[in-house]
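# Results of the structural survey
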Amino acid sequence: KEGTVDLAEMQTPVAAALDEAQKVIKDHFRNRSAQEARSFVQEWKSAQIYPYAGEPVTQIEQVERQVFDIVALNVARHLPEFGEAPAKNKQFQLRMLRQAIERSPEDLQLILTEVLNLPKRKRDELAGLLQDVSLSSIISSAKIVADRLKFLTGLDAVLFDDGPKQRLKERSQLHRIIAENCWLFGEEFSLSVDDRSLTEVLRAHRKILGEDIVIDAPVKHISQSKGIVDLMLSKATRRHKANEVTHLVVELKRPKVPVDSDEITQIEKYAFSVATEERFKGVGVQWIFWVISDSYGAYAAQRMTDDGGQIHKKGNIAIYVKTWAQVLDENRARLQFFQERLEFQADKGESLKHLLARHAKYLDGVFDEEPASTDGDAEMPATEAIAVK
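None of the values given here were measured: they were computed from a predicted structure. (Residues numbered from 1 in each chain as written. Predicted model: local features only at pLDDT ≥ 70, side-chain atom pairs only at ≥ 80, totals over all residues. Heavy atoms only, no water.)

With that out of the way, let us pick up the overall build of the protein chain. Looking only at helices and strands, the protein chain features 15 helices and six strands. The burial tally for the protein chain puts 38% of its 389 residues in the buried class. A sequence separation of at least 24 residues applies to 72% of the contacts in the protein chain between residues at least 6 apart. A total accessible area of about 23400 Å² is found for the protein chain, and carbon and sulfur atoms account for 52% of it. (Helix = DSSP H or I, 4+ residues; strand = E, 2+ residues; numbered from the N terminus. Buried < 20%, exposed > 50% of the residue type's maximum accessible area, 1.4 Å probe, protein only. Contact = heavy atoms within 4.5 Å. Areas by Shrake-Rupley, 256 points an atom, 1.4 Å probe, with all protein chains shown as cover.)

Structure representation (C-alpha cells):
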C-alpha cells in the first residue's frame, strides 16, 4: 500500500528477512549438492583417497566438508581424465582441492606455478631427489638455513645498532636468546648446563661420564666464592680405548661491556677452578672456555697468542676471547655454500621481524625509543655486575 517495495532493503525487518531467506536457500542447495556427492565421497573413502578422516566435529568443519564435496563432485563430473586416473593421482588432486578450500588458494597457486615453471632438467632432478628424500625433509632443511641466516642478521642488528645495543640486558635477554640457539657455537655441541653453579657443571659432567662419579660437595671456586657459568656445551666423541668429552663454557657479556682484564680474570677463575678440581682429573675431559662481547680492550689484545683469540692453553684447558663479529662471521661462513645454492639474501627488516617473532619475550624494551628499565645484575655499573656473576 505504501509503495515501498523498491526500498525494502532499507527497512530493517525486511532486510533481516531477506538475509535469513538467502541463508536458508543457500543452506538448502549446499546440503542437496553435498547429498548428491555422497556416492562419490563413499567411493573415495572406500579407495582410501578421500583427504579427510572421521566425521566433522564443528559447524565450520561441516560446511568446509560440504564445500569440498561439491567442488570435488564437479571435478569428477566434468573432467573425464579424473575418473580414469590412477588412485594415487586422484588422491593428490583431492588433497590439492582441500588445501585450496581450507587455506589459501594463492599459496597453492604459488607452489604449483613454481614447480610447473621449472625447466625439465630441474623437474627431473626434483623427481629423482624425491625418490631418496621426502619433500618435507627438503623444505625443513632449506627453512633451517634461511631461518639461521635471518637470525644472524637480526642478532647482528641487536648487538651492534646503537639503540638496541645499549638497551639489551645480559641475563634476561641476550643470555636467554643464545641459550635457545646453541648452534652458534658449532653443530657438535648440545646444551648441557645453562646458568648454573660449578657444582651443576660437575653434575652435568657426571651424566656424560657415568653415575659412578660421586658429587657430594659444592665445587670450590678459586676465589672461594660461588661461580656461575652462563652456558656449558658438551661434545662427546668416541675413541677406540676410552670416552673423550669436550666441554665448551661460554661466558656472555653485554655488548656494551668490552672484554678486558676483569672479564679475562673471571673466565680464568672458572677455568682454573675446574683444573684444580680432583673429580675432573684423569677422566679424558677437554675444557674450552670462551668469553664473548662486542669488543675487547688493550689488555685482552696483549694476552691473545693467535688470531683465534686464544689467551691460555695448558694441559686440557684452553681459554679464548671472542667477539660477536667473529662468531657471526664464522656462522655465515659455514652457511655460505647453502646460502648461495638457495640464492637467499637475508633482509634486515625481515630478519628483525623473524627475531622478534621467535624471541619476543626476551626482547621487550630493546627496540623502544627510550632505554628500558634494567634487571637485577644490570642495575649496577658494569664492573660490579660482572663481579657478582
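Turning to the side chain of Q310, a few remarks are in order. Mapped onto the secondary structure, Q310 falls in strand 5 (residues 310–314). Take Q310: its relative accessible area is 15%, and that puts it in the buried class. Among the polar contacts listed, one links the side chain of Q310 to the side chain of Y320, at a separation of 3.0 Å. When sequence neighbours within four positions are dropped, the list of residues in contact with Q310 reads R303, M304, T305, I319 and Y320. (Polar contact = N/O pair within 3.5 Å; in protein donor to acceptor, adjacent residues only side chain to side chain.)

Across the nine residues that make up strand 4 (residues 285–293), a large majority, seven, are buried. Bridge count between strand 4 and strand 6 (residues 317–323): seven bridges; the pairing is parallel. Among the inter-strand pairings, F289 is bridged to a residue of strand 6, identified as I319. (Pairing = 2+ DSSP bridges.)

Bringing unusual backbone geometry into the picture now. A positive phi is found at Q48, a non-glycine position, where the angle reads about 60°. On the secondary structure map, Q48 appears in the loop between helix 1 (12–46) and helix 2 (59–78). Taking relative accessible area as the criterion, Q48 reaches 67% and is therefore assigned exposed.

This part covers the pairing of strand 6. With seven of seven residues buried, strand 6 is to be regarded as a mostly interior element. The side-chain alternation of strand 6 yields two buried faces, one formed by I317, I319, V321 and T323 and the other by A318, Y320 and K322. Pairing of strand 5 with strand 6, which is carried by four bridges, proceeds in the antiparallel orientation. Bridging from a neighbouring strand, K313 pairs with A318 of strand 6.

Let us now look at the environment of R167. Position of R167 relative to the elements: it lies in helix 8 (residues 162–167). Between the C-alpha atoms of R167 and V366, which are 199 residues apart in sequence, the distance is 5.3 Å.

What follows concerns helix 1. Side chains that are three or four residues apart share a direction in an α-helix, a result of its 3.6 residues per turn. With 35 residues, helix 1 ought to run about 51 Å at 1.5 Å a step, and its terminal C-alpha atoms sit 49 Å apart, in line with that. At R38, helix 1 is deflected by roughly 45°, the largest bend along its length. Those residues of helix 1 that fall on the buried side of the exposure criterion are R30, A34, A37, V41 and W44. Phi for Q48, located one or two positions after helix 1, is positive at around 60°. (Expected span 1.5 Å × (residues − 1). Bend = angle between axes of the 7 residues up to and from the residue.)

In this model, helix 11 (residues 261–275) (15 residues) spans 20 Å end to end at C-alpha, consistent with the 21 Å of a helix rising 1.5 Å per residue. Listed in full, the buried residues belonging to helix 11 are E263, I264, Q266, I267, E268, Y270, A271, S273 and V274.

What follows deals with the packing of aromatic side chains. In the structure shown here, the tally under the stated rule is seven aromatic pairs. Geometrically, the ring pair formed by Y50 and F68 is edge-to-face, given 5.8 Å between the ring centres and 70° between the ring planes. With a gap of 18 residues between them, Y50 in the loop between helix 1 and helix 2 and F68 in helix 2 connect regions that are remote in the sequence. The same class applies to Y50 and to F68, which are both buried. Between the aromatic rings of F151 and W183, the centroid separation amounts to 5.5 Å while the plane-to-plane angle is 65°, which identifies the pairing as edge-to-face. Taken as a pair, F151 in helix 7 (residues 135–160) and W183 in the loop between helix 9 (170–179) and strand 1 (190–197) lie far apart in primary sequence, 32 residues in all. Here F151 and W183 have matching classes, each one buried. Taken together through their ring pairs, the aromatic side chains of Y50, Y52 and F68 make up a single cluster. (Phe/Tyr/Trp six-rings, centres within 6.5 Å; stacked < 30°, edge-to-face > 60°.)

So, on to the packing of helix 1 against helix 2. Where helix 1 contacts helix 2, the axes come no closer than 8 Å and their chain directions differ by 70°. Classified by the interaxial angle, the pair formed by helix 1 and helix 2 is roughly perpendicular. In terms of crossing hand, the pair formed by helix 1 and helix 2 is left-handed. Two secondary-structure elements touch here, helix 1 through R30, N31, S33, A34, E36, A37, F40, V41 and W44 and helix 2 through V63, Q66, V67, D69, I70, A72, L73, A76 and R77. Of the residues contributing to the contact of helix 1 with helix 2, the split by class is eleven nonpolar, three polar and four charged. (Axes fitted to C-alpha atoms, helices over the stretch in contact; angles between N-to-C directions. Parallel < 35°, antiparallel > 145°, perpendicular 65-115°, else oblique. Left-handed = near helix turned anticlockwise from the far one by under 90°. Nonpolar A, V, L, I, M, F, W, Y, C, P; charged D, E, K, R; others polar.)

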